[in-house]
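Summary of structural features
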Amino acid sequence: MQFSSRLTIAMHMMLCIENYKNEYKATSTFLAGSVNVNPVIIRNILRQLKAAGLVTVEAGVGGASLAKDPKDITMLDVFEAVETDEDLFHFHENPNPECQIGRNVHALLDDKLKAVKHAMESSMGSVTLQSLLDQMHEEERENMIKTL
């Protein structure tokens, strides 16, 4: 199973918004240049992030900014803002009730899939935007040292 790219695009955008906040206006054109996608995609995701209370967007060329401190924004917050499908796992519609597996598959898998979803959400909830920014800056420092 594969998720859409909305989460990674949204995280990329939010990292840019915070990292470059004192240097550039975070317009859809600027963000699209960093993410390397069409600005329409950026605007659509910005709408979702704004609706979730994670960013504010000034009309025109004002740009976007974070609505919360980066330490208070988790990857789970962003995931929930941009991934619209409630069910992480989709069961096939009509398992055969005449088959031993078909009539038992939900009983066998439902609680396991809920546990997997909970573990994923717990892990995503422990990753903050600030922790990613800190990691990125540390990796940049290490790369600079290596080049000296």
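Every residue gets a number counted from 1 within its own chain, in the order that chain's sequence is written. Two thresholds apply to this predicted model, a pLDDT of at least 70 for residue-level local features and 80 or more for giving and counting side-chain atom pairs, whereas whole-chain, interface and lining totals are computed over all residues. Hydrogen atoms and water are omitted, and side-chain values are computed over all heavy atoms in the structure.

1. Thoughts on the packing of aromatic side chains
- Only rings of Phe, Tyr and Trp enter the pairing, Trp through its six-membered ring, and a pair is recorded when the two centres are within 6.5 Å. The plane angle decides the type: under 30 degrees is stacked, over 60 is edge-to-face, the rest tilted. Applying the stated criterion across every chain, the model contains 3 aromatic pairs.
- Each ring, one from Tyr20 and one from Tyr24, has its centre 5.8 Å from the other, and the planes form 75 degrees; the classification is edge-to-face.
- Accessible area is worked out with a 1.4 Å probe on protein chains only. A residue is then buried under 20% of its type maximum, exposed over 50%, and partly exposed in between. For Tyr20, a relative accessible area of 29% gives the class partly exposed.
- Residue class for Tyr24 comes out partly exposed when judged on its relative accessible area of 45%.
- With a centroid separation of 5.0 Å and an interplanar angle of 20 degrees, the aromatic rings of Tyr24 and Phe30 are classed as stacked.
- Take Phe30: its relative accessible area is 23%, and that puts it in the partly exposed class.
- Clustering of aromatic rings is evident, with ring pairs tying together Tyr20, Tyr24 and Phe30.

2. Some remarks on the pattern of salt bridges
- A pair is scored as a salt bridge if a Lys or Arg side-chain nitrogen falls within 4 Å of a carboxyl oxygen belonging to Asp or Glu. Overall, the coordinates contain 6 salt bridges when judged by the stated rule.
- Among the ionic pairs, Arg141 bridges to Glu138, the shortest N-O distance being 3.0 Å. With Arg141 and Glu138 both in helix 6 (residues 129–147) and 3 residues apart, this pair spans about one turn of that helix.
- Arg141 gets classed as partly exposed once you look at its relative accessible area, which sits at 45%. Elements are defined by DSSP. Helices are runs of H or I of four residues or more, strands are runs of E of two residues or more, and each kind is numbered from the N terminus.

3. Some thoughts on unusual backbone geometry
- One non-glycine residue, Asn36, lies in positive phi territory at about 70 degrees.
- By secondary structure assignment, the location of Asn36 is in the loop between helix 2 (28–35) and helix 3 (39–51).

4. Concerning the pairing of strand 1 (residues 55–58)
- Strands are treated as partners if at least two bridges between them are detected by DSSP. Where strand 1 lies against strand 2 (residues 63–66), 4 bridges are found, and the strand directions are antiparallel. Across the sheet, the residue bridging to Thr56 is Ser65, located in strand 2.
- Hairpin connection between strand 1 and strand 2: a loop of 4 residues separates the two successive antiparallel strands, and Gly60 in this loop has a positive phi of roughly 75 degrees.

5. A short note on helix 3
- Over its 13 residues, helix 3 runs 18 Å from end to end, which matches the ideal 18 Å to within 8%, given 1.5 Å per residue.
- Contacts were defined at the residue level, with two residues in contact if any of their heavy atoms lie within 4.5 Å. Close packing links the buried residues of helix 3 with helix 1 (6–19), helix 2, strand 1, strand 2 and helix 4 (75–82).
- Two N or O atoms form a polar contact when they lie within 3.5 Å of each other; inside protein one atom must be a possible hydrogen donor and the other a possible acceptor, and for residues adjacent in sequence the pair counts only when both atoms belong to side chains. Its side-chain oxygen 2.8 Å from the backbone nitrogen of Val40, Asn38 forms the N-cap of helix 3. One less than the residue count of a helix, multiplied by 1.5 Å, gives the span that helix is expected to have.

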